[in-house]
Amino acid sequence: MTAAAAKEGKVVLYHNLSPDGMEVLAREFRKDVPGVEVELVRLGSAALSQRFSTEYSAQRHIADVVVTTVDPSIFAGIAGGWAAAWTPPELAAYPKEVNYKGQNMLFHVLTVRDAIVWNKQRVREADAPKEWADLFDPKWKGKVGMNPPWRSVTQQAIIAYWDKLALGDTAARMKANDVRFFEGSGGVLQAVIRGDVMVAQMLDLPLNSAIADGAPIGFAYPKSGTTVSQVSTFVSSKAPRPNAARVLTNWLLSVKGQTNLQINGGLAGTRPGIPRMAHLPPTSTLSNVVDSLDLTPPAKQKEIVEHWRKTFGVQ
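Residue positions are given per chain, counting from 1 as you read along its sequence in written order. Only residues with pLDDT of 70 or above have their local features reported here, since the model is predicted, and side-chain atom pairs are shown and tallied only from 80 upward, although totals for entire chains, interfaces and linings are computed over all residues. Note that water and hydrogens are dropped before the side-chain values are worked out from all heavy atoms of the structure.

## Some points on the packing of helix H5 (residues 153–164) against helix H12 (residues 298–312)
Throughout, an axis means a line fitted to C-alpha atoms (over the contacting stretch in the case of helices), and angles, computed between N-to-C directions, take values from 0 to 180 degrees. To qualify as a helix, a DSSP run of H or I must reach at least 4 residues; to qualify as a strand, a run of E must reach at least 2; elements of each kind are numbered from the N terminus. Close contact between H5 and H12 brings their axes to 10 Å; oriented N to C, the two are set at 90°. By the angle between their directions, the pair H5 and H12 is classed as roughly perpendicular. On the side of H5, the interface is formed by Val153, Gln156, Ile159, Ala160, Trp162 and Asp163, while H12 contributes Lys300, Gln301, Ile304, Val305 and Trp308. Polar here means any residue other than Ala, Val, Leu, Ile, Met, Phe, Trp, Tyr, Cys and Pro, which are nonpolar, and Asp, Glu, Lys and Arg, which are charged; Gly is therefore polar. Along the lines of polarity and charge, the residues of the contact of H5 with H12 split into 7 nonpolar, 2 polar and 2 charged. Should an angle fall under 35 degrees it is taken as roughly parallel, and over 145 as roughly antiparallel, whereas 65 to 115 is taken as roughly perpendicular and any remaining angle as oblique. In what follows, residue pairs with any heavy atoms lying within 4.5 Å of each other are defined as contacts.

What follows is the structure in structure tokens.
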């Protein structure tokens, strides 16, 4: 397969992970498979799913491999024929639940968690928000950031969790606190580092790498609980370069690929036996972890998006 992949010459990867980290990962892959270039296309999870769906329906097949946070649209796409059925050799090292429904199509490679973060140069540890309710404290008025929920299903999940915690109309409360919106977890984290805001709610996707690079960031996973989301991968059933797609996907499941995903993607890998992240706790140590998919059926997603758009006057 590797020789056939080299003849194809490249592989196109759609993803929603850290752009800088994935560039490093692509370089590491090329060291192992020097004949295959990796072309990266990064989009937010909702935009990625929509783009792939549009291209698939139009029979305009560009992506070979997809790595993204899963949501109902991904599951619907898998049921609709998006993914190739095959068994990566490295899959044998994983527990069976990594293989979605045992279909040999969609593989869970990373786990992302929701967290509270703050700029340690501007916020003392004793004053930092440690619970979701703390983000609505008026002392953070104009100083709190987040990713807008109309851009991300995972963002909708934490809002649904806030509803379960009976925190009230969190859209109205965030508006009253002059929340500032930034694009994606990377945008939120950079805003905290720059000092545009002092505290924020975000997925921990870019957190480990930023702390490793010396960013002055404190973080907390609230004791009241947090949401977790799966990042999964699949080979497109219409991949223009199917051999390169399979070689890359199998590499992502290997020890080296998982280690690189964890280091450069900043998330907890799913392969048993790989070292834990250097700066973040394993998911098993967090209290009251809730799967985001359990919180965001389509009707709940629609309700949250419509309410937050209306509250903030966004069309």
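## Comments concerning the pairing of strand S7 (residues 199–203)
Residues in a regular strand project their side chains so that they alternate between the two faces of the sheet. Accessibility here uses a 1.4 Å probe with only protein chains present; expressed as a share of the type maximum, an area under 20% marks a residue as buried, one over 50% as exposed, and anything in between as partly exposed. Counting buried residues along S7, 5 of its 5 residues qualify, which places the element largely inside the surrounding structure. Neither face of S7 is left uncovered, since the one carrying Val199, Gln201 and Leu203 and the one carrying Ala200 and Met202 both have all their residues buried. Any two strands with at least two DSSP bridges between them are considered paired. Summarising the sheet, strand S4 (residues 107–119) and S7 pair through 5 bridges and their orientation is antiparallel. Opposite Trp118, over in S7, you have Val199 as the bridge partner. In this structure, strand S5 (residues 144–146) lies alongside S7, joined through 2 bridges in parallel fashion. Within S7, the position partnered with Val144 by the bridge is Val199.

## Section: the packing of aromatic side chains
Only Phe, Tyr and Trp rings are paired, with Trp represented by its six-membered ring, and only when their centres lie within 6.5 Å; those with planes under 30 degrees apart are stacked, over 60 edge-to-face, the remainder tilted. Tallied over the full model, the rule gives 13 aromatic pairs. Consider the rings of Phe52 and Tyr56, whose centres lie 6.2 Å apart with planes at 20°: the pair is stacked. Taken together, the residues span about one helical turn, with Phe52 and Tyr56 both in helix H3 (residues 45–57) at a distance of 4 residues. Across the pair, exposure class does not vary: Phe52 and Tyr56 are buried alike. Relative to Tyr221, the ring of Phe219 has its centre 5.8 Å away and its plane inclined at 70°; by these criteria the two rings are edge-to-face. Residue classification places Phe219 among the partly exposed residues on the basis of a relative accessible area of 26%. Within the aromatic cluster, the residues linked to one another by ring pairs are Phe52, Tyr56, Trp82 and Phe234.

## Here we look at the pairing of strand S9 (residues 226–235)
Among the 10 residues of S9, 9 are classified as buried, and the element is accordingly described as predominantly covered. Taken together, the 5 bridges between strand S3 (residues 65–69) and S9 define a ladder with antiparallel strand orientation. Residue Val65 lies in a different strand from S9, and its bridge partner there is Val235. Of the strand pairs in this sheet, S4 and S9 are connected by 6 bridges, and their pairing is antiparallel. Bridge assignment links Thr111 to a residue of S9, and that residue is Gln230. Of the strand pairs in this sheet, S9 and strand S11 (residues 289–291) are connected by 3 bridges, and their pairing is parallel. Within S11, the position partnered with Thr226 by the bridge is Val289.

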